[in-house]
Amino acid sequence: MKPAADQYDAVIVGSGFGGSLVAHALSRAGWRVLVLERGTWARRDSLDWNPREISIRNRYGAASPILVRQYGARRFSRVFPPALVGGQSVLYGGASLRLREADLARWPLSYAELEPYYARAEEVLGVHGAATTAPWEPPRLNGYPFPPGELTAPSRRLHQAARQLGYSPQRLPLAINAGDPTRPRCVECTTCDGFPCRIRAKNDLAEKVLIPAQASGVEVADQTTVASLRLDRGAVRSVHCRDGSSGEEFEVRGRVVVMAAGALYSPAILLRSGLGQGADGAFLGRHLMRHCNGVVVAVFPFSTNPGRCFHKQLCFTEFYEDLRVQLGTATGVIQDIYTPSAEVLRHFAPLGLGRAAHLLAGNIQNLVCIAEDEPQPENRVSLATERDEHGLELIAVEHRYSRADVRRRTYLVTRARRILRRAGGWPVHTRMIDTFSHALGTIRFGDSPATGALDLDCRYWSLDNLYVTDSSFMPTSGGVNPSLTIAANALRVADRIVAAWGSS
């Protein structure tokens, strides 16, 4: 959708956590803000809770693919990631965890500097949680905006089993409304993680941030592809775009341009703009991380969720620091996670196991292990020679885990298996996660151009008015979902932009 004007105070490319929170903050400072988004608004209809439409037919898949080579594959595969206003938040399960103090040891920013912004992000996102004294819990100056809801039966089963093993299960902080009377409340269905919320109870960015921001003057141009940035004399002069509905090409200008299209798309746009040839070439598109994740699947001799209720409610953090001395990184966390429908399990099951997966779906319960992965320069985003229907180079993604990454995941998988076994199940499979929903690190920040492409304020070193606020800025991944950290940093950077550039 072509925007109403061609000149703004800030042009933001992308509407995920990094883009929406900057738009929120700048609009409150009186700035005239335009958000450009290649995806569409979620329809919020009955098909948004249909597993076949969302998970199998990929209802919101992008029009153009990215090319992915991972797990040692010799060839690239074509993948169509979801494209939505609000980014991954529309499909995520609401997990809102902070990084720990030790995670930021290799950052040019301390946890103490980020803590107030974590609190602001939790307030903006309406996070429901309970402050605890759990092992390695990061310090916080204030409690959560809302308390968590009651544990449902599947979560209680795992909670009891973990306690019997001497573990300390914690409530998973969630940006899902269980107690705010001003918004629709969660009905505890099984179509949350991986689905848009039809009743708008998930506090995704489209619902919780962008729609209110539009009322304050923020303009959102959806179905808009950003091809490149026009650069001149150390600054971004304009953003070159294409209207996905009409095919019309146009340009927009801003005093400040914010890249927030995600760790795969932001570096690709900058590479198309001619960056990455100088000193920043050591960082632009490189050091891609995604976490080393695995879902441990267990079969139980009874129906695990006969009431078909939501149960992404628990988190196990006590293993977080177990391997840091040996490996230099966090280990990670274990979380409760939903079981896909029988139809989806059958479709994605390994060859020969589809029928069994379909028959046993009602007896399955899972835990997901989220392990930190290392920032390796050869894990990267680059431009392919193949082009899309608009003549733009496709994005090529190459990724391989290190032995240490796999060791951290295996460490967590072993403990997840113990919990599921104590709960009465028999772990039968560990499924690797092949999506890049936690992609980060491809335009890292540092304390000098020798350590990152961005400065401490996430401003591109060689361009006065270009900032990057999505997950690309992160130099390490930590062992938790990065969404809350992206949101907190976006609010921090927005303050720095206002301080540097003044009012509108």
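Residues numbered from 1 in each chain as written. Predicted model: local features only at pLDDT ≥ 70, side-chain atom pairs only at ≥ 80, totals over all residues. Heavy atoms only, no water.

Student: Mind showing me how you'd approach the pattern of salt bridges here?
Tutor: Close approach of charged atoms lets side chains of opposite charge pair. Under the counting rule described, the total for this entry stands at 31 salt bridges. Between Glu137 and Arg100 there is a salt bridge, with its nearest N and O atoms 3.8 Å apart. In this pair, Glu137 sits in the loop between helix 3 (111–125) and helix 4 (153–164) while Arg100 sits in the loop between strand 4 (77–79) and helix 3, placing the two residues 37 residues apart along the sequence. By relative accessible area, Arg100 is classed as buried at 3%. (Salt bridge = Lys/Arg side-chain N within 4 Å of Asp/Glu carboxyl O. Helix = DSSP H or I, 4+ residues; strand = E, 2+ residues; numbered from the N terminus. Buried < 20%, exposed > 50% of the residue type's maximum accessible area, 1.4 Å probe, protein only.)

Student: Teacher, can you tell me more about the sheet that holds strand 5 (residues 170–171) here?
Tutor: For sheets, the rule is that strands pair by backbone hydrogen bonds, running either parallel or antiparallel. Judged by pairing direction, the sheet is antiparallel, and its six strands sit side by side in the order 5-11-12-13-10-16 without closing on themselves. The sheet terminates laterally at strand 5 and strand 16 (426–432), the two strands that pair on one side only. For strand 12 (residues 332–337) and strand 13 (residues 364–371), the ladder comprises six bridges, and the chain directions are antiparallel. Across the sheet, the residue bridging to Gly332 is Ala371, located in strand 13. Contacting strand 11 (314–316), strand 12 and strand 13, helix 4 crosses the sheet at an angle of about 65° to strand 13. Where helix 10 (residues 403–422) meets the sheet, its contacts fall on strand 10 (292–299), strand 11, strand 12, strand 13 and strand 16, and the angle it forms with strand 13 comes to roughly 150°. (Pairing = 2+ DSSP bridges. Contact = heavy atoms within 4.5 Å. Axes fitted to C-alpha atoms, helices over the stretch in contact; angles between N-to-C directions.)

Student: Any chance you could explain the packing of aromatic side chains here in plain terms?
Tutor: Centre-to-centre distance and the angle between the planes together describe a pair of aromatic rings. Taken as a whole and judged by the stated rule, the model has eight aromatic pairs. On the numbers, 5.5 Å between centres and 70° between planes, the contact of Phe17 with Tyr92 is edge-to-face. You can see Phe17 sitting in helix 1 (residues 17–28) and its partner Tyr92 sitting in the loop between strand 4 and helix 3, a full 75 residues away along the chain. For Phe17, a relative accessible area of 9% puts it in the buried group. Members of the aromatic cluster, connected to one another through ring pairs, are Trp107, Phe445 and Phe473. Over the ring of Tyr265 we find Arg38, and its NZ or CZ is 3.8 Å from the ring centre. (Phe/Tyr/Trp six-rings, centres within 6.5 Å; stacked < 30°, edge-to-face > 60°. Lys NZ or Arg CZ within 6 Å of the ring centre and 35° of its normal.)

Student: Looking at this model, I keep getting lost on the pairing of strand 2 (residues 33–36). Mind explaining?
Tutor: Consecutive side chains along a regular strand alternate between the two faces of the sheet. Taking every second residue as pointing to the same face, both faces of strand 2 are buried, with Val33 and Val35 on one and Leu34 and Leu36 on the other. Chirality of the crossover, the property in question, places the unit of strand 1 (residues 7–13), helix 1 and strand 2 among those that are right-handed. (Right-handed = clockwise from strand over helix to strand, strands pointing away.)

Nothing here speaks to function; it is all geometry.
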